[in-house]
Amino acid sequence: MNKVKFIYNPYSGENTIASDIDTVIMVHQKYGYTVVPYRISMEYDMSMAFQNIDESYKYILIAGGDGTVDNAVNHMKNLGINIPIAILPAGTANDFARFIGMPQDIKLACEQILNSEPKKLDIGKINDKYFLNVASTGLFTDVSQRTDVNLKNTIGKLAYYVKGIEQLPSFRKLKIKVTSEVENYDGDMYLMLVFNGQTAGNFKLAYKAEIDDGLLDVIIIKAGMIIDIIPLFIKMLRGEHLEDVNGLLYFKTDKLHIECFEDIVTDIDGERGPDFPLTIECVKEGIEMLGVMNTKQIPKSKMVKLIKSKSLR
């Protein structure tokens, strides 16, 4: 019997995944899989989802946002579970799911997963925790942690922007020391992001990032005059390339060390990260994933046609 462990967070995004459970089961039954669901809640946390995993489980299907997926990956790593995973985008941002080309439509996403082969992807590691998309520190990095869950579910990504505007009065320079074999920085900054994926809050910032190159993409927004920083933020919001931009440092590395003595937190895909000092590294081919599409080579329209044509076989 081919089984799939289906871990879902009913509180992610707009709480729509609960109404899609029948679709998930229907598509998997068509392909000969038995779906074993596990619902995350305050009473039943992620750790209990893996208690009965054995060789009959072919992969783990995770429905939720980036934080839910990170949580599942960390439990798998700690328990030594090495079967493939797949993501159904059901959160507010779904940055990593978008990076690997997962459709928002649940039926199409399941078809894409079931018609794919496992692909080994890089993951990030920050001290003793793993992450798929981005680790960050500096201004705005605690926005997701401070944003009310009900507000996020009601107005989606706009909730993050509302909370970010509230932090503008605290805009200040932050002293940081970054060491790597590629680039060193010892100075003031406003924001630092370390990407395994490409986007943060649906903004494509790490446009050079690849999912299997064994490298992390590091972006440091240096501190300076606010009037000089505004054009930089505009370029970032527009998704424009950031080469030769004053006030920004962009480099790729497989490992870096960060020291900071400011009263700031770290963030891992919307969840609270570890305290300083930090060692962040890329774990090359650290996870196997289903449903990954090379969106640089396959246009989105053709991707949907490909999924539909395979599902008819």
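The structure displayed is predicted, hence computed values, not measured ones.

Brief notes about unusual backbone geometry
Move 1: The peptide bond linking F276 to P277 adopts the cis configuration, its omega dihedral lying at 0°.
Move 2: With respect to the helices and strands, the residue P277 is situated in the loop between β16 (271–272) and β17 (278–289).
Move 3: Of note in the backbone geometry, D269 takes a positive phi value of approximately 50° without being a glycine.
Move 4: Relative to the elements of secondary structure, D269 occurs in the loop between β15 (266–268) and β16.

Considering the nonpolar core
Move 1: Within the largest apolar cluster, 50 residues are counted, with the highest numbers of intra-cluster contacts made by F6, L88 and M289.
Move 2: Among the elements that take part in this core, strand β3 (residues 57–64) stands out by supplying six residues, more than any other.
Move 3: Counting 41 residues, the second largest nonpolar core, distinct from the first, contains Y185, M189, I264 and I268.

Quick notes on the packing of aromatic side chains
The geometry of an aromatic ring pair comes down to the distance between the two centres and the angle between the two planes.
Move 1: Applying the stated criterion across every chain yields a total of four aromatic pairs.
Move 2: Pairing Y207 with Y250 gives two aromatic rings, centres 5.5 Å apart and planes at 70°, and the pair type is edge-to-face. Within this pair, whereas Y207 is found in the loop between β11 (203–204) and β12 (216–222), its partner Y250 is found in strand β13 (residues 248–253), the two being separated by 43 residues in sequence.
Move 3: Overall, the relative accessible area of 14% leaves Y250 in the buried class.
Move 4: A cation sits over an aromatic face here: K77 above Y130, 5.9 Å from the ring centre.
Move 5: In this arrangement the basic side chain of K208 is found over the ring face of Y250, its NZ or CZ atom lying 4.8 Å from the centre.

Notes on the environment of K173
Move 1: Tracing the backbone shows K173 in the loop between α7 (158–166) and β8 (174–180).
Move 2: Judged by relative accessible area, K173 falls into the partly exposed class, the value being 49%.
Move 3: Sequence separation between K173 and D188 is 15 residues; the distance between their C-alpha atoms is 5.7 Å.
Move 4: In this view, K173 contacts D188, M189, Y190, A223, G224 and E262; residues no more than four positions away in its chain are not counted.

Quick notes on the rules
- Residues numbered from 1 in each chain as written.
- Predicted model: local features only at pLDDT ≥ 70, side-chain atom pairs only at ≥ 80, totals over all residues.
- Heavy atoms only, no water.
- Helix = DSSP H or I, 4+ residues; strand = E, 2+ residues; numbered from the N terminus.
- Core = buried A, V, L, I, M, F, W, Y, C linked by side-chain atoms within 4.5 Å.
- Buried < 20%, exposed > 50% of the residue type's maximum accessible area, 1.4 Å probe, protein only.
- Phe/Tyr/Trp six-rings, centres within 6.5 Å; stacked < 30°, edge-to-face > 60°.
- Lys NZ or Arg CZ within 6 Å of the ring centre and 35° of its normal.
- Contact = heavy atoms within 4.5 Å.

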